[in-house]
Amino acid sequence: MAEKITMGSNGNLIVPDNPTLPFIEGDGIGPDIWKASVRVFDAAVEKAYSGKKKIEWMEVLAGEKAFNQTGEWMPEATMDAFREYLLSIKGPLTTPVGGGIRSLNVALRQELDLYVCLRPVRYFEGVPSPMWQPEKVNMVIFRENTEDIYAGIEYMTGTPEAQQLLDFLQNNLNVKNIRFPETTSLGIKPVSKEGSERLIRSAIEFAITNKMPSVTIVHKGNIMKFTEGAFKNWGYELAMREFGNEVYTWNQWEAAKKESGEAVANEELRIARIGGKIIIKDAIADNFLQQALLAPQDYSVIATLNLNGDYISDALAAQVGGIGIAPGANINYLTGHAVFEATHGTAPRFANTNTMNPSSVILSGVMMLEYMGWKDAAELITVAIGKTIRNKKVTIDFYNLMKEATLLKTSEFADEIIKNL
């Protein structure tokens, strides 16, 4: 009998053996990649738990399919299901053209207060990459998901609202450095202490739980001192206040190295040798993007604001083979709500061709299984995907970049993963 996942009083999910999980198959290539992915999930759960656990899938509507059937892009029934069942998974959705919702994904994140956009980035051996040593990239990005540019506070030049805000800035706050006021659009970037702290707290807790070596706060605080700079400062203060016995700041880490008398070149080694703590450090966003290419092994968990996180997530995904293999999740660790999703677009040109790579949705499902505590099933899928790619049995995106590979359809790629479970 199917049951609901609930949040326990201790802040941990209570996951029954037969949970009901809502899914949105997505637009464009969504149906093709969902059909392939769900077979992989079911096969892995069956193999890992010998039939004792099983997911009951419940389709809900959003995007073009919802609009065609109901006249709404995001029916209230769908939002209700996401609220009620806590966890859900979705394919890519079309953003409506014109007025109304700016983005269905943004609407979901705002409505459910999914304040963490979680993007793990790792390399699978054999995936074509522009990097010389892509295997050195192994990071988990915690991108703030509800503030910064995602708050959507913008006013177009020529509107009464833009003029009113401009007048206030110039007349009440004595702002002088708006160079062309007659043609300037304006945007406001809200960054709160509460929003920053809950994001950075989640990143630190993740690093401690998963024994990862460091958390890097990535920011542009050298220029935006009271938003991005405050984000960094609040992060350090939180780390010392709430995790003082479990973290080093960079300066404390340098002092600990000297005191130990050991030349520890690699942070991974430091975990075992010095105090068993994680390092809290920070990096200016532009320098981080450079260092992520030159020395990706120096970074582990990343905590950053929305716009930086957008750039960083996609740039790192490119280093390990592209966004087609990049999973993602939007999570509220306090309520338990989480939406796992493909990170790529709908690619309508390839709809119903059964040719596209389903790895983004499959690996997002792996994240979902891990979040549920079903780690055996998650590990089976991860290993099977790795084996399938190493065997060079791949979809068209990888096939075009590999030598002596076997070209598979979307459904055939899923068959191969299931065979390798």
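Above this text is the structure in question.
The rules behind each value
- Residues numbered from 1 in each chain as written.
- Predicted model: local features only at pLDDT ≥ 70, side-chain atom pairs only at ≥ 80, totals over all residues.
- Heavy atoms only, no water.
- Salt bridge = Lys/Arg side-chain N within 4 Å of Asp/Glu carboxyl O.
- Helix = DSSP H or I, 4+ residues; strand = E, 2+ residues; numbered from the N terminus.
- Buried < 20%, exposed > 50% of the residue type's maximum accessible area, 1.4 Å probe, protein only.
- Pairing = 2+ DSSP bridges.
- Axes fitted to C-alpha atoms, helices over the stretch in contact; angles between N-to-C directions.
- Contact = heavy atoms within 4.5 Å.
- Phe/Tyr/Trp six-rings, centres within 6.5 Å; stacked < 30°, edge-to-face > 60°.
- Lys NZ or Arg CZ within 6 Å of the ring centre and 35° of its normal.

A. Spatial organisation of the pattern of salt bridges. Per the counting criterion, the structure on display carries 21 salt bridges. Between Glu 242 and Arg 201 there is a salt bridge, with its nearest N and O atoms 2.8 Å apart. Here the residue Glu 242 occupies a position in helix α7 (residues 228-243), and Arg 201 occupies one in helix α6 (residues 193-209), the gap between them amounting to 41 residues. According to the relative accessible area criterion, Glu 242 is partly exposed, its value standing at 36%.

B. The sheet that holds strand β11 (residues 247-249), seen in detail. Read from one edge of the open sheet, eleven strands run β4-β3-β5-β15-β14-β6-β7-β13-β10-β12-β11, paired in mixed fashion. What marks the edges here is a single partner per strand, and that holds for β4 (56-59) and β11. Here the average twist between neighbouring strands, direction ignored, is 25°. Contacts from α6 reach β6 (116-122), β7 (138-144), β10 (214-219), β11, β12 (278-284) and β13 (301-304) within the one sheet, and its direction differs from that of β7 by about 160°.

C. Local environment of the packing of aromatic side chains. Counting across every chain of the model gives twelve aromatic pairs. The interplanar angle of 10° and the centroid separation of 4.6 Å between the aromatic rings of Phe 23 and Trp 34 together place this pair among those described as stacked. Of this pair, Phe 23 sits in strand β3 (residues 20-24) while Trp 34 sits in helix α1 (residues 30-49), and the two are eleven residues apart along the sequence. The residues Phe 23 and Trp 34 share a single accessibility class, namely buried. Judged by centre distance (5.4 Å) and plane angle (65°), the ring pair of Phe 142 and Phe 206 falls under edge-to-face. One end of the pair, Phe 142, is in strand β7; the other, Phe 206, is in helix α6, with 64 residues separating them in the sequence. The buried category is assigned to Phe 142, whose relative accessible area is 0%. Above the ring of Tyr 85, the side-chain terminus of Lys 4 is found at 5.5 Å from the ring centroid.

Keep in mind these numbers describe shape, not what the thing actually does.
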